[in-house]
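# Structure assessment
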Amino acid sequence: MLLKASQLTMAFGAFKAVDDASVAVNEGEVLGLIGPNGAGKSTFFNCLTGDLHPTSGTVHFEGRDVTRLTPEQRARLGIARTFQVPLTFESMSVLDNVMIGAFLRHHAAAAARDKALEVIGEVGLGGAAEASAKSLGTPGRKRLEIARALASEPKVLLLDEAMAGLTPAEIRAAIDLVRQIHRRGITLVIVEHIMEVIVSLADRVVVFHQGREIARGTPSEVTRNELVIEAYLGKRHAAKLSGGTT
Ligand code: ADP
Ligand code: MG
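Cut-offs used in this document
- Residues numbered from 1 in each chain as written.
- Chains lettered and ligands numbered in written order.
- Predicted model: local features only at pLDDT ≥ 70, side-chain atom pairs only at ≥ 80, totals over all residues.
- Heavy atoms only, no water.
- Donors = N, O, S within 2.8 Å, 3.2 Å for Na, K, Ca; no water.
- Helix = DSSP H or I, 4+ residues; strand = E, 2+ residues; numbered from the N terminus.
- Buried < 20%, exposed > 50% of the residue type's maximum accessible area, 1.4 Å probe, protein only.
- Polar contact = N/O pair within 3.5 Å; in protein donor to acceptor, adjacent residues only side chain to side chain.
- Contact = heavy atoms within 4.5 Å.
- Near = heavy atom within 4 Å.
- Areas by Shrake-Rupley, 256 points an atom, 1.4 Å probe, with all protein chains shown as cover.
- Domains from an automatic or database assignment.
- Salt bridge = Lys/Arg side-chain N within 4 Å of Asp/Glu carboxyl O.
- Pairing = 2+ DSSP bridges.
- 1 Å grid on protein atoms, 1.4 Å probe; cavity = no way out; pocket = protein on both sides within 12 Å on 5 of 7 lines; lining within 4 Å.
- Points joined across faces, edges and corners; volume = space filled by probe spheres on them.
- Nonpolar A, V, L, I, M, F, W, Y, C, P; charged D, E, K, R; others polar.
- Phe/Tyr/Trp six-rings, centres within 6.5 Å; stacked < 30°, edge-to-face > 60°.
- Lys NZ or Arg CZ within 6 Å of the ring centre and 35° of its normal.

## Notes on the coordination of the magnesium ion (ligand 2)
- At 2.1 Å from the magnesium ion (ligand 2) lie its protein donor atoms, namely Ser42 (OG) and Gln84 (OE1). Placement of Ser42 in helix H1 (residues 41-49) and of Gln84 in the loop between strand S6 (79-81) and helix H3 (94-102) is noted, with a sequence separation of 42 residues between them.
- Of the residues examined, Ser42 reaches a relative accessible area of 22% and is grouped as partly exposed.
- Residue class for Gln84 comes out partly exposed when judged on its relative accessible area of 35%.

## Brief notes about the side chain of Glu161
- Mapped onto the secondary structure, Glu161 falls in the loop between strand S7 (156-160) and helix H6 (168-183).
- A distance of 3.3 Å separates a polar atom in the side chain of Glu161 from a polar atom in the side chain of Gln84.
- Not counting residues within four places of it along the chain, the set of residues in contact with Glu161 comprises Gln84, Lys142, Val191, Glu192 and His193.

## Observations regarding the site of ligand 1
- All residues in the neighbourhood of ligand 1 are listed as Phe12, Phe15, Ala17, Pro36, Asn37, Gly38, Ala39, Gly40, Lys41, Ser42 and Thr43.
- Contact distances for ligand 1 include 2.8 Å between an oxygen atom and a backbone N or O atom of Gly38.
- Relative to its unbound accessible surface of 560 Å², ligand 1 loses 59% to contact with the protein.
- When residues of the shell around ligand 1 are traced back to their parent elements, those giving at least two are strand S2 (15-25) and H1.

## Observations regarding the domain arrangement of the protein
- Here the domain parsing of the protein yields domain 1 (1-78 + 154-246) and domain 2 (86-153).
- If you look at the interface, domain 1 gives 22 residues, while domain 2 gives 14 residues.
- Taken together, the connections running from domain 1 to domain 2 amount to one salt bridge.
- Taking the shortest distance from any N to any O, the salt bridge between Arg184 and Glu122 comes out at 2.5 Å.
- The interface formed by domain 1 and domain 2 holds six residue pairs in polar contact (both at pLDDT 80 or more) in total.
- Elements that contribute at least two residues to the side of domain 1 that touches domain 2 include exactly helix H2 (71-77), S7 and H6.
- The biggest single contributor to the side of domain 1 that touches domain 2 is H6, with six residues.

## So, the sheet that holds strand S4 (residues 56-61)
- The four strands lie next to each other as S2-S1-S4-S5, forming an open sheet whose pairing is antiparallel. In the strand order of this sheet, the two ends are held by S2 and strand S5 (64-65), each with one partner.
- Taken together, the seven bridges between strand S1 (residues 3-12) and S2 define a ladder with antiparallel strand orientation. Its bridge partner being in S2, Leu3 is matched across the sheet by Val25.

## Some thoughts on the layout of surface pockets
- Within this model, the largest pocket holds a volume of roughly 470 Å³.
- The wall of the largest pocket is formed by 20 residues, among which Pro71, Ala75, Arg81, Phe83 and Arg148 lie closest to the centre.
- Elements with a minimum of two residues in the lining of the largest pocket: H2, S6, H3 and helix H5 (138-151).
- The residue inventory of the lining of the largest pocket, partitioned by class, reads ten nonpolar, four polar and six charged.
- Both domain 1 (1-78 + 154-246) and domain 2 (86-153) contribute no fewer than three residues apiece to the lining of the largest pocket.

## Digging into the packing of aromatic side chains
- Counted according to the given criterion, the structure contains one aromatic pair.
- On the numbers, 5.2 Å between centres and 70° between planes, the contact of Phe44 with Phe208 is edge-to-face. Separated by 164 residues along the polypeptide, Phe44 in helix H1 and Phe208 in strand S9 (residues 204-209) bring together distant segments of the chain.
- Judged by its relative accessible area of 3%, Phe44 falls in the buried class.
- Positioned above the aromatic ring of Phe83, the side-chain terminus of Arg81 is 3.9 Å from the ring centre.

Here it is in structure tokens:
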């Protein structure tokens with residue numbers, strides 16, 4: 001087991017955004033995490049990465065208790081993530097943004113630059129290395145974030161809605177990119193609303209609702225699960241029919 005959350009609870013006042021969640025990520029797998037907006041998926045990621053410290057429960061990485069470690073300490077151990085709302089330094093170049101990730105492993109600027117250029121090429125932004133981050137559109141920003149995460153040479157990568165806002169063609173390209181990252185031996189946890197993405201990428205899926213796990217299984221198992229249809233998939237279908245975006 002690579003990454004393991006045990007009885008994790010994140011309370012904001014009396015409200016539990018994550019409520020007693022226990023999820024283990026196996027080395028080499030692609031784990032999907034799904035559930036309605038507000039289910040606690042991003043909060044759960046934040047507890048895994050150290051961006052939030054859980055109210056109770058523990059996080060273990062490679063058997064080591066990392067619950068009290070900072071995001072940077074966890075990144076050094078090999079945990080990387082992208083944010084649902086991309087956190088890029090707008091006025092800096094794509095290269096400089098990605099070098100921030102690379103500096104975690106490389107002290108010399110030249111080495112960090114080489115690593116950054118390598119992953120920028122890998123995510124398909126090779127032509128834009130010198131462009132400013134703000135000149136990128138949504139797909140470019142999503143790729144930039146993935147590049148910055150990859151530059152830190154992670155063992156596990158947490159992707160929080162990395163494909164939201166992309167066109168169907170961009171989604172297909174992003175699925176290919178995620179497969180390529182997985183083939184490099186990086187374990188993945190993906191939060192995604194687009195079920196086609198989950199079905200085509202995830203080996204296993206965990207479903208959250210109101211901070212709690214309500215189902216787990218293969219993509220085909222969870223998409224047929226009555227609780228999941230009731231809490232999430234059915235509502236999404238209904239929202240789509242009425243033009244909503246949930
Ligand atoms: P998801 O990513 O599944 O859509 P989130 O983890 O972003 O859900 O949010 C889960 C719930 O926790 C939501 O109701 C959200 O409003 C609440 N929440 C998230 N962060 C905070 C915070 N810092 N303070 C208070 N409530 C929060
Ligand atoms: Mg979220």
